[in-house]
Amino acid sequence: MKLSTAHKIGRFFQYFVLILVGVIMIYPLVWMVGATFKSNAEIFSGIGFLTANPTLQGYIDAVTQNYGGDISIWRAFINTYSFVIPKVIFTVISSIIAAYGFSRFKFKGRDMLFGIMISTLFLPQVVLNVPQYLMYNSFGWINSPFYLPLWVPTLFATETYFVYQLVQFMRSIPHDLDEAAAIDGCGPVKILYKIIAPMLSPSLVACGLFQFMWSCNDYMGPLLYVQTPSKYPMSIFVKLSMDADSGFNWNRILALSLISIIPQLVVFFCAQDAFIDGISAGAVKG
């Protein structure tokens, strides 16, 4: 079936708009990559990302200079993943356990407790900062060498969004599978990790990936609970690099920013297929 001329023009215009929007959205990142090889004067001379005199001085300064005392970029990376990795792991484990209880068991007050949990989504974090700080301070966790305030709460399924997301995905799994496993002698725990968890693996990857990116970019949490400069994560380290007494070397700051997001980009692209499957898992029912 041949397309009419008007249809071809409309499709061409649609593709053109999509490509244009894509270029506009990705160009700032491309410009940032190009600007890391420029001097300060060249960065502010135009919006082009190519440079006539490329230099690696920005990257050299980014990986060799220390800020805020004895912290370097490598130390900041270690500090970041010291709490990000356990936070991601415990978030996924506690969230699936809580979601399993809400979606598979009937107990008194379940609907009320689920409603209370969902209502916490409407609480802005700024409202919780003061009471949480006072509570963690009474525990002696402020400036803990193990970053306890940043990851211990995730042991108790405090990430409501992920619990809610997994509950919705779990409700699409037939209860017949649970009953068949129970007949074969599986208990509730074995049903969870033998039957439910493997079927939810794309959704679990999506939850873990979201938490990984949010935790790496978290600025307020470490700023409140970490007081020793040598324990600062990357989010604060990048800010420290901009607090120089003299003028900024923007190629160094941009290089440092780019290096700080490389692990997130690598993790995202490695988990891209599972992430997309997890996001669309509950969209279509067959």
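What counts and how
Residues numbered from 1 in each chain as written. Predicted model: local features only at pLDDT ≥ 70, side-chain atom pairs only at ≥ 80, totals over all residues. Heavy atoms only, no water. Phe/Tyr/Trp six-rings, centres within 6.5 Å; stacked < 30°, edge-to-face > 60°. Helix = DSSP H or I, 4+ residues; strand = E, 2+ residues; numbered from the N terminus. Lys NZ or Arg CZ within 6 Å of the ring centre and 35° of its normal. Buried < 20%, exposed > 50% of the residue type's maximum accessible area, 1.4 Å probe, protein only. Contact = heavy atoms within 4.5 Å. pLDDT = per-residue confidence, 0-100. Disulfide = S-S within 2.5 Å. Expected span 1.5 Å × (residues − 1). Bend = angle between axes of the 7 residues up to and from the residue. Salt bridge = Lys/Arg side-chain N within 4 Å of Asp/Glu carboxyl O.

Asker: Just checking my understanding: could you explain the packing of aromatic side chains for this structure?
Answerer: Centre-to-centre distance and the angle between the planes together describe a pair of aromatic rings. Throughout the structure, instances matching the rule amount to 19 aromatic pairs. Plain terms: the ring middles of Phe 77 and Tyr 81 are 6.2 Å apart, the flat faces sit at 5° to each other, and that makes the pair stacked. Of this pair, Phe 77 and Tyr 81 both sit in helix H4 (residues 73-104), four residues apart, roughly one helical turn. Here the aromatic cluster, defined as three or more aromatic residues joined through ring pairs, consists of Tyr 133, Tyr 136, Phe 139, Trp 141 and Tyr 225. For the cation-ring pair, Arg 171 lies above Phe 114, with the distance from its terminal atom to the ring centre recorded as 5.5 Å.

Asker: Just to check I follow, could you spell out the side chain of Thr 154 for this structure?
Answerer: Structurally, the position occupied by Thr 154 is in the loop between helix H7 (148-151) and helix H8 (160-171). What makes Thr 154 buried here is its relative accessible area of 2%. Leaving out residues up to four positions away in the same chain, Thr 154 has contacts with Lys 87, Phe 90, Thr 91, Ser 94, Glu 159 and Gln 211.

Asker: Just checking my understanding: could you explain the confidence of the model for the chain for this structure?
Answerer: Where the model shows low pLDDT, its predicted coordinates should not be examined in detail. Looking at the chain as a whole, the pLDDT averages 87, with 92% of positions reaching at least 70. The secondary-structure element of the chain with the lowest mean pLDDT is helix H15 (residues 272-279), recorded at 67, while H7 shows the highest, at 96. The model gives residues 282-286 a pLDDT under 50, and that stretch makes one contact with residues more than four places away or in other chains.

Asker: Whenever I open this one, the state of the cysteines confuses me. Can you help?
Answerer: Here a disulfide denotes one covalent bond, and it connects the sulfur atoms of two cysteines. Across all of its chains, the model carries zero disulfides by this definition. With no disulfide partner, Cys 216 has as its closest neighbouring cysteine sulfur the one in Cys 270, 14 Å distant.

Asker: I would appreciate a short explanation of unusual backbone geometry in the present structure.
Answerer: Residues apart from glycine generally show negative phi values, whereas peptide bonds are mostly found in trans. Here Tyr 147, not a glycine, exhibits a phi torsion of approximately 55°, which is positive. The topology assignment puts Tyr 147 in the loop between helix H6 (125-139) and H7. With a relative accessible area of 2%, Tyr 147 lands in the buried category. With phi around 55°, Ala 157 is a residue other than glycine that occupies positive phi space.

Asker: Is there a simple way to think about helix H14 (residues 250-270) in this case?
Answerer: Because an α-helix packs 3.6 residues into every turn, residues spaced three or four apart end up facing the same way. Helix length check: H14 (21 residues) gives 30 Å between terminal C-alpha atoms against 30 Å at 1.5 Å per residue, within 8%. Along H14, the sharpest change in direction is near 35° and occurs at Ile 261; proline Pro 263 comes one to four residues later. Considered for burial, the residues of H14 that qualify are Asn 251, Arg 252, Ile 253, Leu 254, Ala 255, Leu 256, Ser 257, Leu 258, Ile 259, Ser 260 and Gln 264. Of the surrounding secondary structure, the elements contacted by the buried residues of H14 are helix H1 (5-35), helix H2 (40-43), helix H3 (57-64), H4, helix H11 (201-216) and helix H13 (234-240).

Asker: Which parts of the structure should I look at to understand the pattern of salt bridges?
Answerer: A side chain with one charge can pair with a side chain of the opposite charge if their charged atoms come near. If you walk through the whole model with that rule in mind, you get two salt bridges. As a salt-bridge pair, Asp 178 and Arg 104 come within 2.7 Å of each other at their nearest N and O atoms. Separated by 74 residues along the polypeptide, Asp 178 in helix H9 (residues 175-183) and Arg 104 in helix H4 bring together distant segments of the chain. Taking relative accessible area as the criterion, Asp 178 reaches 11% and is therefore assigned buried. Take Arg 104: its relative accessible area is 12%, and that puts it in the buried class. Arg 110 is the partner of Asp 111 in a salt bridge, and the nearest nitrogen-oxygen pair spans 3.7 Å.

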